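# Survey of secondary and tertiary structure
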Amino acid sequence: MSLAATWLSWSSLGIPRYLARSAWHQHAPFAEWLIETHRPASLVELGTYSGFSYAAFCDAVQRNGLPTRCSAIDTWRGDEHAGFYGEQVFTAFRKYHDARYAAFSQLIRATFDDALATFPDRSIDLLHIDGRHLYEDALHDFSTWRPKLSARAIVLFHDTAVLTRNFGVHRLWKELSATYPHFQFTHGHGLGVLGVGDQRTQALIDLYAAEGTDEGQRIRSTYAHLGRAISDHYESARLKAAMSEREKEIDRLRKVIAATDNKSMPA
């Protein structure tokens, strides 16, 4: 019998209400299911950028009426992998965030190391690591935050399938997945789900057990299909917006040309 009833939820089928530039679009459907299934008391994201993945988590928390405390940690300046960017990225997401999630969420503008003291040991049920992607950086983030993880903890690693540009998350994932129960998605640059805590729901036990099986392939295929729908929706919306701006510019130029022609006509 298929495990679809345990690894897919209705909320995974929708399009997120917050769409921004991100390499994480294709994992929003799984984020919906994970929050609904795992019901974390504390969620922390290391590396937020535009806020797409974090907003997906927060929306799922709201939709399920959970008492989850959420925290996003980032300097909002960028790095050599994600690229460096200006203040407008943080300003735009803070405006969106504060209007919707301020009651249960906080944006912490700091380095990951500086933010450590904010959280008690053994308090975090879901940790999403998506900072600098060098092997040494990913290992450092996991090692320093490991004491903060609870007995129920799950750690998500983004970019586990990226083998270029000196990304080393795939190497760390290979090491950690040899020790902990896990499941890996290979679409959307890869997302590793690591069962660090020894207290697990049956749905997560089933998910980890599906790794390396035909059922696991069905899970990957289903979420890859759902994820592509989101990235396609984003690209379509982006292209429509670009076309609209171009049409406005063409209309403006036509008016300038018409005004110029009128002025050059003899009286």
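Whatever comes next refers back to the structure up there.
Once a new chain begins, its residue numbering starts again from 1 and follows that chain's sequence as written. Local features in a predicted model are, by the rule used here, given only for residues with pLDDT of at least 70; side-chain atom pairs are given and counted only at 80 or more, and totals for whole chains, interfaces and linings are based on all residues. Computation of side-chain values covers all heavy atoms of the structure but excludes hydrogens and water.

### Points about the pattern of salt bridges
Using the following cut-off: Salt bridge, as applied in this entry: a Lys or Arg side-chain nitrogen positioned within 4 Å of an Asp or Glu carboxyl oxygen. Elements are defined by DSSP. Helices are runs of H or I of four residues or more, strands are runs of E of two residues or more, and each kind is numbered from the N terminus. Per-residue accessibility, obtained with a 1.4 Å probe over protein chains only, is compared with the maximum for each type, and a residue is labelled buried under 20%, exposed over 50%, and partly exposed between these values.
Taken as a whole and judged by the stated rule, the model has nine salt bridges. Two residues, E87 and R109, come together in a salt bridge whose shortest N-O distance is 2.7 Å. Here E87, found in the loop between β4 (83–84) and α4 (88–100), pairs with R109, found in strand β5 (residues 105–109); they are 22 residues apart in sequence, far enough to count as distant. Residue D125 pairs with R152 through a salt bridge whose shortest N-O separation is 3.0 Å. Here D125 is found in strand β6 (residues 124–129), whereas its partner R152 is found in strand β7 (residues 149–158), with 27 residues between them in sequence. The class of D125 is buried, set by a relative accessible area of 5%.

### So, the packing of aromatic side chains
Inclusion rule: Classification of ring pairs rests on two measures: the distance between centres of Phe, Tyr or Trp rings, Trp counted by its six-membered ring, which must be within 6.5 Å, and the angle between planes, read as stacked under 30 degrees, edge-to-face over 60 and tilted in between. Geometrically, a lysine NZ or arginine CZ counts as sitting over a ring once it is within 6 Å of the ring centre and also within 35 degrees of the ring normal.
In this structure the tally under the stated criterion is 17 aromatic pairs. Taken together, a centroid distance of 5.7 Å and an interplanar angle of 50° make the contact between Y18 and F93 tilted. With Y18 in the loop between α1 (4–7) and α2 (28–38) and F93 in helix α4, this residue pair connects regions lying 75 residues apart in the sequence. A relative accessible area of 12% places Y18 in the buried class. Residue classification places F93 among the buried residues on the basis of a relative accessible area of 0%. Seen from their ring centres, Y18 and Y96 are 4.3 Å apart, and the 35° between their planes marks the pair as tilted. Here Y18, found in the loop between α1 and α2, pairs with Y96, found in helix α4; they are 78 residues apart in sequence, far enough to count as distant. On the accessibility criterion, Y96 (13% relative accessible area) is buried. An aromatic cluster of at least three residues, connected via ring pairs, comprises W7, F30, W33, F183, F185 and Y223. Over the face of the ring belonging to Y96 we find R100, whose NZ or CZ atom lies 3.7 Å from the ring centre.

### A closer look at unusual backbone geometry
Even without being glycine, D159 reaches a positive phi, approximately 70°. By the secondary structure assignment, D159 is in the loop between β7 and α7 (169–176). Relative accessible area serves as the criterion here: at 6%, D159 is assigned to the buried category. Positive phi, normally seen in glycine, also occurs at N166, with a value near 65°. Mapping N166 onto the fold places it in the loop between β7 and α7.

### Here's the deal with the sheet that holds β6
How we decide: If DSSP finds at least two bridges between two strands, the strands pair. Inter-axis angles, ranging from 0 to 180 degrees, are taken between N-to-C directions of lines fitted to C-alpha atoms, where helices are fitted over the stretch in contact. In this analysis, two residues are considered to be in contact whenever any of their non-hydrogen atoms come within 4.5 Å of each other.
The strand order across the open sheet built from seven strands is β5-β2-β1-β6-β7-β9-β8, with neighbouring strands paired in mixed fashion. What marks the edges here is a single partner per strand, and that holds for β5 and β8 (182–185). In this sheet, neighbouring strand axes are inclined to one another by 15° on average, regardless of whether the strands run parallel or antiparallel. Two strands pair when backbone bridges link them, and strand β1 (residues 42–46) and strand β2 (residues 69–74) are joined in this way by five bridges, in the parallel orientation. The residue of β2 that forms the bridge with L43 is C70. In the packing of α2 onto the sheet, contacts are made with β1, β6, β7, β8 and β9 (191–195), and the angle to β7 comes to roughly 175°.

### Things to note about the packing of helix α6 (residues 135–145) against α7
In plain terms, the rule: Angles below 35 degrees are treated as roughly parallel, those above 145 as roughly antiparallel, those between 65 and 115 as roughly perpendicular, and all remaining angles as oblique. In this classification, Asp, Glu, Lys and Arg are treated as charged, Ala, Val, Leu, Ile, Met, Phe, Trp, Tyr, Cys and Pro as nonpolar, and every other residue, Gly included, as polar.
The geometry of α6 relative to α7 is characterised by a closest axis approach of 8 Å and an angle of 45° between their N-to-C directions. The orientation of α6 with respect to α7, classified from their angle, is oblique. Between α6 and α7, the contacting residues are Y135, A138, L139 and F142 on the first element and V169, R171, L172, E175 and L176 on the second. Here the contact of α6 with α7 is built from residues that sort into seven nonpolar, no polar and two charged.

### Overview of the environment of H128
On the secondary structure map, H128 appears in strand β6. The residues touching H128, leaving out its near neighbours within four places in the chain, are W24, V44, E45, L46, S53, F57, L156 and H158.

### Brief notes about the packing of α2 against helix α3 (residues 52–63)
Here is the rule we go by: In this scheme the crossing of two helices becomes right-handed for a clockwise turn of the near helix relative to the far one and left-handed for an anticlockwise turn of less than a right angle.
It is at 9 Å that the axes of α2 and α3 come closest, and there the two elements cross at 35°. The chirality of how α2 crosses α3 is right-handed. On the side of α2, the interface is formed by A28, A31, E32 and I35, while α3 contributes F52, A56, F57, A60, V61 and R63. A class-by-class count of the residues in the contact of α2 with α3 yields eight nonpolar, no polar and two charged.

### A short note on the pairing of β1
Heads up, the condition is: With the strands aimed away from the viewer, a crossover counts as right-handed if its path from the first strand over the helix to the second runs clockwise.
Counting buried positions along β1 gives five out of five residues, so the element sits mostly inside the fold. Where burial is concerned, the two faces of β1 agree: the one with S42, V44 and L46 and the one with L43 and E45 are both buried. For the segment spanning β1, α3 and β2, crossover handedness is right-handed. Pairing analysis gives four bridges linking β1 to β6, with the strands arranged parallel. Looking at β6, one finds that E45 is bridged to H128.

So, to be careful, I would describe these as geometric facts and stop short of saying anything about function.
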